[in-house]
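# Overview (structure and organization)
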Amino acid sequence: MAVIEGRIRTPDRLNRMTDRAGTNGHLSPFLEINRHDWAALAPHTRLPLTQTEIVQLRGLGEVLDMQEVSEVFVPLSRLLNLYVSGARNLHHQTTEFLGASTSSTPFVIGVAGSVAVGKSTVARLLRELLARWDDTPRVELVTTDGFLYPNAELERRGIMDRKGFPESYDRRALLRFVTQVKSGVAEVRSPFYSHLHYDIVPDAEIVVRQPDVLIVEGLNVLQPAAPGHRLAVSDLFDFTIYVDARTSDIATWYEERFLSLQRGAFANPRSFFHRFASLSEDEARARARGIWTSINEPNLEKNILPTKARASLVLRKNADHAVDSVLLRKI
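It should be emphasised that the depicted structure is a prediction, and the values quoted were computed from it without experimental measurement.

In this structure's numbering, the residues bearing the UniProt feature "binding site: ATP" (unreviewed entry) are Gly113, Ser114, Val115, Ala116, Val117, Gly118, Lys119 and Ser120. When you line up the elements, Val115 lands in the loop between strand E2 (107–113) and helix H5 (119–130). Once you skip the residues sitting within four places of it in the chain, Val115 turns out to touch Leu219, Ile250, Tyr254, Arg257, Trp292 and Asn296. Examined against the element boundaries, Val117 turns out to sit in the loop between E2 and H5. When neighbours within four sequence positions are excluded, Val117 is seen to be in contact with Val243, Asp244, Ala245, Ile250, Trp253, Lys317 and His321.

Moving on: the side chain of Arg285. In this fold, Arg285 is placed in helix H9 (residues 281–304). On the accessibility criterion, Arg285 (19% relative accessible area) is buried. Once residues lying within four places of it in the same chain are set aside, the contact partners of Arg285 are Glu255, Glu256 and Leu259.

The 7 strands are arranged E1-E9-E8-E7-E2-E6-E3 in an open sheet whose pairing can be described as mixed. Pairing within the sheet leaves two strands with one partner each, and these edge strands are strand E1 (30–34) and strand E3 (139–143). When strand polarity is set aside, the average angle formed by the axes of neighbouring strands in this sheet is 20°. Across 5 bridges, strand E8 (residues 313–317) lies against strand E9 (residues 323–329) in antiparallel orientation. Bridge pairing in E9 links Val314 to Leu327.

Here Ile159 is to be found in the loop between helix H6 (151–157) and helix H7 (171–182). Beyond its immediate stretch of four places on either side in the chain, Ile159 contacts Leu154, Glu167 and Ser168.

With that settled, consider the UniProt feature "domain: Phosphoribulokinase/uridine kinase" (unreviewed entry) in the chain. On the UniProt side, "domain: Phosphoribulokinase/uridine kinase" (unreviewed entry) is annotated at positions that read residues 108–246 here. Taken end to end, residues 108–246 comprises 22% helix and 28% strand; its first and last C-alpha atoms sit 27 Å apart.

A separate point is the nonpolar core. Soluble globular proteins tend to pack their nonpolar side chains together in the buried interior. With 85 residues, the main nonpolar core has Phe73, Ile109, Ile215, Ile241, Leu313 and Leu315 as its most contacted residues. The greatest single-element share of this core, amounting to 8 residues, is contributed by helix H4 (residues 66–98). Those residues in contact with Phe73, other than ones at most four positions away along the chain, are Leu64, Glu68, Val122, Leu125, Leu129, Leu315 and Val323.

Thresholds, definitions, all that
Residues numbered from 1 in each chain as written. Predicted model: local features only at pLDDT ≥ 70, side-chain atom pairs only at ≥ 80, totals over all residues. Heavy atoms only, no water. UniProt positions renumbered as here; feature names shortened; annotations may be inferred. Helix = DSSP H or I, 4+ residues; strand = E, 2+ residues; numbered from the N terminus. Contact = heavy atoms within 4.5 Å. Buried < 20%, exposed > 50% of the residue type's maximum accessible area, 1.4 Å probe, protein only. Pairing = 2+ DSSP bridges. Axes fitted to C-alpha atoms, helices over the stretch in contact; angles between N-to-C directions. Core = buried A, V, L, I, M, F, W, Y, C linked by side-chain atoms within 4.5 Å.

Listed below in structure tokens is the structure:
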């Protein structure tokens, strides 16, 4: 994206957005923007991805296409580009004011949301889009799965059935990792998580080397500091995104994704979930619903959904997985 021309918003459109935000009878820290108005915010920003690339980026059961990327995520990448530029300008002016001489640090974006809501696809897509802007060519993506305790440790603590809940993560290690990246450390390493084995892989790691932008994606990245702790990883983020949808829709998506995995990845004898591969469709659906109602839904309602209000921006999805509106925190 060498040359970008376009308005972020016109006064008339801003007025319509503001009017809509106030029609619910209470004050809100967010500006609600419907998809039509959102798509018009960066009309001259070209789409830098091909259809093949988009297909490769989307998750199971999602209907991500050229139109969705063009109308929702290209404007979002433009907005994030403005935030990155603004942060760099502020850093330059602050160091000049202080008479200091320090290099700028990576811009850190947090992406949160439920299991099966599509947050991983959003994070992957933003990585590709942001890397195509001239001033942010180095974009790294890290998921918090790598900071889950190993299964053996979860078993020792008796919380294997609470995998994905805040207490199942090594939050100190995650905080240390993001702190080091944010501080400009030349090389920072994080553990590697295998979805095939459903566990941390010993002696495997991800190396992050001073990116322009770091995207951190995970269920609970917007959590406030744990009791007795003064700092949370969310305190280190420059911008945060929450991927939102009705709980009933997410439950349906989870069930359909489970069936897709059962017919595909679970068939691998090395898969942690290989024992589910021989289930009938009815049995697989029942198993998926049981996992959802006993683990994923309680985690969503108790831990994940309450953090939505802490986000800088919320992407609201319809039942068809398409983003219907955007809520942007007012500046």
